[in-house]
Amino acid sequence: MTRRWPQLGLPLLTKELIEQAAQRRTYFVRLLYASLLFLLAYLEFERILAVSGSNTLAMLGKGTDMFNQVVNLQFLGILLFLPALACGAITSEKERDSLTMLLVTRLGPFTTLFEKLLGRLVPMFTFLLLSLPLMAFAYSLGGVSTLELVSGIVMLVLVCIHVAALAVMCSSWCSSTASAFVGTYTLGLLSYPFLVMA
């Protein structure tokens, strides 16, 4: 007798993640994101550590600069990659003429939007997990408190939710993925000063 795993009741999210896992583009974007993140972090870390020279004790306390650089790189990655990943959440259904079928299911509008949003956030959260080793390295050098570490991670998660919600909103308003793409980046640029002030 085979044991079946219990269903969590998120059918649209499951469908979204399975469709994304079947696309080659998903893995290419993940590889590109990870490569850029680690290359830029390596260059920044090398620049910061070059100041201390060969003195290993001088490296202690340099974690603050490294941690700030990792958070800034992740912030930039979210603003560049997430709108492109999330802007087709609803418009792809419109372009495939499957939105009407989705609307007649037992899923309500809120559930549909929530699961579409989660379907775009889960891959981005995996991108955020890539930075944990870099943050741990910066934390081990000192100069970063536990509160700063946690607040940096929470801030990145909140920025992800903001940008993904903005992209899903543009996707529901626009008729094509291209117009949702342009609208998401335009509104994202307009809301950027408020994100920086927060």
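Remember, predicted model here, so these are calculated numbers, not experimental data. (Residues numbered from 1 in each chain as written. Predicted model: local features only at pLDDT ≥ 70, side-chain atom pairs only at ≥ 80, totals over all residues. Heavy atoms only, no water.)

As for the nonpolar core
Taken as a class, soluble globular proteins show a tendency for nonpolar side chains to be buried jointly. Ranked by size, the top nonpolar core spans 41 residues in total, and within it I78 and L82 carry the most contacts. Counting residues per element, this core draws most heavily on helix α3 (residues 63–86), at 11 residues. Beyond its immediate sequence surroundings of up to four residues, I78 is in contact with Y33, P83, M124, L128, L156, V159, C160 and V163. (Core = buried A, V, L, I, M, F, W, Y, C linked by side-chain atoms within 4.5 Å. Buried < 20%, exposed > 50% of the residue type's maximum accessible area, 1.4 Å probe, protein only. Helix = DSSP H or I, 4+ residues; strand = E, 2+ residues; numbered from the N terminus. Contact = heavy atoms within 4.5 Å.)

Focus on the side chain of T184
Relative to the elements of secondary structure, T184 occurs in helix α9 (residues 177–197). Residue T184 is classed as buried on the basis of its relative accessible area, which comes to 2%. Separated by 2.7 Å, the side chain of T184 and the backbone oxygen of A180 make a polar contact. (Polar contact = N/O pair within 3.5 Å; in protein donor to acceptor, adjacent residues only side chain to side chain.)

What to know about the side chain of S131
Here S131 shows up in the loop between α6 (109–129) and α7 (132–140). Polar contacts involving the side chain of S131 include one to the main-chain carbonyl oxygen of L128, which spans 2.8 Å. When neighbours within four sequence positions are excluded, S131 is seen to be in contact with L37, V70 and Q74.

A look at the environment of A167
Tracing the chain through its elements places A167 in helix α8 (residues 146–173). Spatially, the C-alpha atoms of A167 and L85 are 8.7 Å apart, while their sequence positions differ by 82 residues. Sequence-distant contacts of A167, that is, excluding residues within four places in its chain, are made with P83, A86, C87 and T184.

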